[in-house]
Amino acid sequence: MAGAALFTAAWLAAGLWQGPGYRWTRDDISEMGAVTAPHAWLFLVPQAVAGLLTIGFALFALRPVLRPAGTVGIVAAWSAAGSAVQDLSDAAFRLDCRAADGCTAAQTTASGHGQWHAAFGLVCLLLLIGALFLTARAYRRLPAWAGWAAPTRWTGLLVVLGLLGVALPVTGPVHGLLQRGVALVSAVWGAAVAWRVHVLSRRNERPA
């Protein structure tokens, strides 16, 4: 829950100091960590901490919950952990510049670290989609989580539709808005799952 809240707070706050050329409805969240972005580390450090928290939750809290579902549960937990790696890799592989600086999409990834940024981003998005649908499948095998299968599947569909919208050139003026929608939906889903794990763990700790 802390990881989801910290990541959301980081990109909300970082939008306040990007300067007049930055448009949150158009420009990507990642551009706030670009080499030319002002005070980029005030965004990148909280994002990295949020990523570590999310990875820790996926491996040490979610994975034990999903393990009884079999292989699909284990793969789902590892996919969820892998999807958060981008929060760490963004600090090492930064975009070269921002649209607010007059850069084109090609110029933002002109360097090697910019290209690695794009590659990690794509892989982590695919892992996020996989985690959502695999988790939904695992939930169907767990009585305590069966009611979460459909909402998780719908969350996956929303994420896919949002990412497809970002991929369309015609939606360029609202790419940033769509991306933030995907980030917010993912964060809310992650926080809700974490809360459910917490509630169930407290219930199991109570004496019979």
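As the structure is a prediction and not an experimental result, all values here were calculated from the model.

## Observations regarding the environment of Gly130
Now for step 1: Topologically, Gly130 is positioned in helix H6 (residues 112–139).
Now for step 2: On the basis of relative accessible area, Gly130 is assigned to the partly exposed category, the value being 23%.

## Looking at empty space enclosed by the protein
Now for step 1: Tallied over the full model, the rule gives one cavity of 30 Å³ or more.
Now for step 2: Here the largest cavity is characterised by a volume of approximately 30 Å³.
Now for step 3: Taken together, Ser30, Gly33, Phe43, Leu44, Gln47, Asp90, Phe93, Arg94, Leu95 and His117 make up the lining of the largest cavity.
Now for step 4: The element contributing the most residues to the lining of the largest cavity is helix H2 (residues 41–66), with three residues.

## Quick notes on helix H1 (residues 2–14)
Now for step 1: For H1, which comprises 13 residues, the first-to-last C-alpha distance of 18 Å matches the rise-based estimate of 18 Å (1.5 Å per residue) to within 8%.
Now for step 2: Listing the buried residues of H1 in full gives Gly3, Ala4, Phe7, Thr8, Ala10, Trp11 and Ala14. In an axial view of H1, the angular spread of the buried residues amounts to 155 degrees, which keeps them on one side of the axis. Turned more than 90 degrees away from the buried face of H1, the exposed residues are Ala2 and Leu12.

## Describing the confidence of the model for the chain
Now for step 1: Overall, the predicted model of the chain reaches an average pLDDT of 91, with 98% of residues at or above 70.
Now for step 2: Here helix H5 (residues 105–108) stands out as the least confident element of the chain, with mean pLDDT 87; helix H3 (residues 71–83) is the most confident, with 95.

## Some words on unusual backbone geometry
Now for step 1: Phi at His39 is positive, roughly 50 degrees, even though this residue is not glycine.
Now for step 2: Structurally, His39 can be placed in the loop between H1 and H2.
Now for step 3: We classify His39 as exposed; its relative accessible area is 55%.

## Topic: the packing of H1 against H2
Now for step 1: Between H1 and H2, the least distance of the axes is 8 Å, while the angle of their chain directions is 160 degrees. Between H1 and H2, the interaxial angle falls into the category roughly antiparallel. Crossing of H1 over H2 shows left-handed handedness. Facing H1, whose interface residues are Ala2, Gly3, Leu6, Phe7, Ala10, Trp11 and Ala14, H2 presents Phe43, Pro46, Gln47, Val49, Ala50, Leu53 and Thr54.

## Describing the pattern of salt bridges
Now for step 1: For the coordinates displayed, the defined rule picks out two salt bridges.
Now for step 2: A salt bridge links Arg26 to Asp27; its shortest N-O distance comes to 2.5 Å.
Now for step 3: Since its relative accessible area comes to 2%, Asp27 is described here as buried.
Now for step 4: When the shortest N-O distance is used, the salt bridge between Arg98 and Asp101 registers 3.0 Å.

What counts and how
Residues numbered from 1 in each chain as written. Predicted model: local features only at pLDDT ≥ 70, side-chain atom pairs only at ≥ 80, totals over all residues. Heavy atoms only, no water. Helix = DSSP H or I, 4+ residues; strand = E, 2+ residues; numbered from the N terminus. Buried < 20%, exposed > 50% of the residue type's maximum accessible area, 1.4 Å probe, protein only. 1 Å grid on protein atoms, 1.4 Å probe; cavity = no way out; pocket = protein on both sides within 12 Å on 5 of 7 lines; lining within 4 Å. Points joined across faces, edges and corners; volume = space filled by probe spheres on them. Expected span 1.5 Å × (residues − 1). Arc of directions from axis to C-beta. pLDDT = per-residue confidence, 0-100. Axes fitted to C-alpha atoms, helices over the stretch in contact; angles between N-to-C directions. Parallel < 35°, antiparallel > 145°, perpendicular 65-115°, else oblique. Left-handed = near helix turned anticlockwise from the far one by under 90°. Contact = heavy atoms within 4.5 Å. Salt bridge = Lys/Arg side-chain N within 4 Å of Asp/Glu carboxyl O.

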